[in-house]
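Now for the letters of each chain:
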Amino acid sequence: MRARLPDASGRVERDGVGLAWEVFGDGAPALALLPSWSIVSSRSWKLQVPYLARHHRVVTFDGRGCGGSDRPVGPAAYTYQEFAADTLAVLDATDTERAVLVGLSAGGIWGTHLAAQHPDRVLGLVAIAPAVTFRPESADRARAFEEPVDSDEGWAKHNRHYWSRDYHGFVSFFFEQMFPEAHSAKAIEDAVGWGLDVGPDTLADAILGIYRIDAERFRAECEQVTCPVLVIHGDQDVICPLADGAALAEATGGRLVTVEGCGHGPNLREPVLVNHLIEDFVRGVHPVASPITRRRSSRRPKRALYLSSPIGLGHARRDVAIAAELRRHHPDLAIDWLAQDPVTRVLETAGERVHPASAALANESAHIEDECADHDLHAFQAIRRMDEILVNNFHVFHDLVELERYDLVIGDEAWEVDHLLHENPELKRFAFAWMTDFVGWLPMPDGGPEEAELTADRNLEMLEQRARYRRVRDRSIFVGEPDDIVPDRFGQGLPAIREWTEANFDFAGYVTGFDPAELGDRTALRAELGYHPDERVCVVTVGGSGVGAGLLRRVVEATGAARRLVPGLRFVVVTGPRLDPRALPAHPGVTVRRYVPDLHRHLAACDLAVVQGGLSTCMELTANRRPFIYVPLRNHFEQQFHVRHRLERYGAGRCLDYDQLADVDVLATAIAEEIDRPVDYRPVDAGGAARAAAALADLL
């Protein structure tokens, strides 16, 4: 799922070649993100577009040879003059009179050409890892590319004959060279996918077209550039050495920014840094009024910004409880919430202030729903594929904390903020507390060795971040107890998860968001909620996201068989705010409700619950000592491992595999068996919210 969809899209044809373009946003000045070498499409700008489009009008297009654009034949169709002329055609088609040009790699060539030949259309030029050279060697490189070679090792793969034998091998090799930084698996994976969409013959034409550049002529064009120029170049770039970027900056009178430890793709590996460099450059080219920021004062009330994970509603309830306890320590504390639907519904019901900046967040729940199919959610891969959403949401957060000063930021599984603050520690100007109820990405068996390697790499990156920048987190709070941590390692050769967590976290105990004792007498509660004293009630719920539709359908299909085993059994099915109740079939004894703000009270009043494997709902049932059946999402590592481990420790619930529910009698029998089973759960400590708040209060 994309973080932002285009406001307009279309195609323009120039000399018989169709070019697919998109436009985002409407702010001034306009930015044109240029195509690079045809090995990647305009999706290579996915980590820039959402942020920049909140401030500017952003134009992108797929370069000839890739994406949605046509693939002309022959090297003559891929010279830098052709790409530059394409850019002008797209600017004309999108009614863009002038723009700041941003080019990656070969895009720096056509951007420079445009700035020299059409200064009236170019406000400024940002060249990222520019693939420019002033050395007259292109003819030699073209011959080497066309001639057969004896070796397939290393850069010998950059050869037309090798491409015809093993194009996938070249594309993989090339992007491994492009991203030499540790933990680049996702960037390489994306780029390989873009490269394989092109094809070896088209890419060969594209590289031979670039090799037709006249170095002396290009140098002369550099000296004609009069607009401001910014060159961003990694010092570990083995595809286009830093010296070439420095030479371009010198020849154009531009500024060079060297990104330490970075390869040929700074925009994908250091997106926050690159985005800020672009934005600062644009503001220099086209000054705008700076927003007024609030100054710190010893007499102003303390302010906190609370970030609550949008995936499910359990985080919201526990966070509201922690916020209430935090106000006991600091009665004048002002708390703003940066949150998304459906969390915002809980916050608004509780009277909390949702900051208007929340409207700019890309919805993570919608992405998760998009990734789910029939009770199957590969949670680890879904979060990996959420990268552009997370970068967008970090920028929303950072813009807010730059505009309004906060003393404390609380992130309840706000993964993007924790990760990107560690990647950009200079941006931290507040106390930061991190909360989570699980630690460690774990591979699913079906993922095989590849997924085990990916999860270990993601864990190692986190371990390295914490070792390098411990100052980023002022508190790390685990919502649970040490025994709730899985007995696994972060990966082969990496530390044990529990041992590391005990050394690096404070433990609050579980936070239910309510005290079961305050719910009062269960008979009175049932009467208040409309349940008759002599009726048996089964509550069915799948949480606040829309990923549980398959489970709800299977439970509803089993209600007839269950009611034969438990006569008069009443089912109350809660779809949650993101599922349409009308999608479920009508059955006798089944009441369907969409959103129940006080769902924990119904779970306390029921005789049995059938739920998904989410931690919050299962722990609410455990705290209320109600029997329940839980059905973890397939391939959801947190539900399958972390949550199940914790529930087994509490002796709570009965786990069923989703595939078992294909037989309605299996679920019906389980319902009949569990509804009268005596409950002997380990007690859930009700003091978690107070302990978490006490740890946070010290930071104020």
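Residues numbered from 1 in each chain as written. Predicted model: local features only at pLDDT ≥ 70, side-chain atom pairs only at ≥ 80, totals over all residues. Heavy atoms only, no water.

Novice: An account of unusual backbone geometry is needed here, citing residue identities and associated values.
Specialist: With an omega of -5°, the peptide bond running from alanine 28 to proline 29 counts as cis. Along the chain, the position of proline 29 falls in the loop between strand 2 (17–24) and strand 3 (30–33). Phi at histidine 375 is positive, roughly 60°, even though this residue is not glycine. Relative to the assigned elements, histidine 375 resides in the loop between helix 14 (364–371) and helix 15 (379–384). (Helix = DSSP H or I, 4+ residues; strand = E, 2+ residues; numbered from the N terminus.)

Novice: Break down the environment of glutamine 224 for me, citing the residues and quoting the values.
Specialist: Of note, glutamine 224 is situated in helix 8 (residues 215–224). According to the relative accessible area criterion, glutamine 224 is partly exposed, its value standing at 41%. Taking C-alpha positions, glutamine 224 is 80 Å from glycine 520, a pair spaced 296 residues apart along the chain. In this structure, glutamine 224 is in contact with Ala116 and Gln117, ignoring residues within four places of it in sequence. (Buried < 20%, exposed > 50% of the residue type's maximum accessible area, 1.4 Å probe, protein only. Contact = heavy atoms within 4.5 Å.)

Novice: Requested: an account of the sheet that holds strand 4 (residues 57–61), with residues and values cited.
Specialist: Through backbone hydrogen bonds, the strands of a sheet pair up, either in parallel or in antiparallel fashion. Taken in spatial order, the 8 strands of this open sheet run 1-2-4-3-5-6-7-8, and their pairing is mixed. Strand pairing shows two members of the sheet lacking a second neighbour, strand 1 (8–14) and strand 8 (255–259), which therefore form its edges. Taking the axes of each pair of neighbouring strands and ignoring which way they run, one obtains an average angle of 20° across the sheet. Pairing of strand 2 with strand 4 involves 4 bridges; the strand directions are antiparallel. (Pairing = 2+ DSSP bridges. Axes fitted to C-alpha atoms, helices over the stretch in contact; angles between N-to-C directions.)

Novice: For the sheet that holds strand 14 (residues 475–478), give the residues involved together with the corresponding values.
Specialist: Ordered in space as 11-10-9-12-13-14-15, the 7 strands form an open sheet in which the pairing is parallel. Each end of this open sheet is capped by a strand with a single partner; those strands are strand 11 (353–354) and strand 15 (506–507). Relative to strand 14, strand 13 (residues 431–436) runs parallel, the two sharing 4 bridges. Bridged to tryptophan 434 within strand 14 is serine 476.

Novice: I'd love a proper account of the side chain of arginine 14, names of residues and values included.
Specialist: Within the secondary structure, arginine 14 sits in strand 1. Within the structure, the side chain of arginine 14 is placed 3.1 Å from the side chain of aspartate 15, a separation counted as a polar contact. Side-chain polar atoms of arginine 14 contact the side chain of glutamate 82, separated by 2.4 Å. When neighbours within four sequence positions are excluded, arginine 14 is seen to be in contact with Arg64, Glu82, Ala85, Asp86 and Ala89. (Polar contact = N/O pair within 3.5 Å; in protein donor to acceptor, adjacent residues only side chain to side chain.)

Novice: Go over the side chain of aspartate 607, please, and point to the residues and values.
Specialist: Within the fold, aspartate 607 resides in the loop between helix 22 (599–605) and strand 19 (608–612). On the basis of relative accessible area, aspartate 607 is assigned to the buried category, the value being 12%. Of note is the side chain of aspartate 607, whose polar atom sits 3.2 Å from the side chain of arginine 526. Looking at aspartate 607, its side chain comes within polar contact range of the main-chain nitrogen of valine 537, at 2.7 Å. Other than its neighbours up to four places away in sequence, aspartate 607 contacts Arg522, Arg526, Glu535, Arg536, Val537, Arg626, Pro627 and Ile675.

Novice: Any chance you could break down the packing of helix 12 (residues 314–329) against helix 26 (residues 688–697) for me, citing the residues and the numbers?
Specialist: Orientation of helix 12 relative to helix 26, taken along the N-to-C sense of each, is 55°, at an axis distance of 8 Å. Taken as axis vectors, helix 12 and helix 26 run oblique relative to one another. For the crossing formed where helix 12 meets helix 26, the hand is right-handed. Across the interface between the two elements, Ala321, Ile322, Glu325, Leu326 and His329 from helix 12 touch Ala689, Ala690, Ala692, Ala693, Ala694, Leu696 and Ala697 from helix 26. Of the residues belonging to the contact of helix 12 with helix 26, the class tally is 10 nonpolar, 1 polar and 1 charged. (Parallel < 35°, antiparallel > 145°, perpendicular 65-115°, else oblique. Left-handed = near helix turned anticlockwise from the far one by under 90°. Nonpolar A, V, L, I, M, F, W, Y, C, P; charged D, E, K, R; others polar.)

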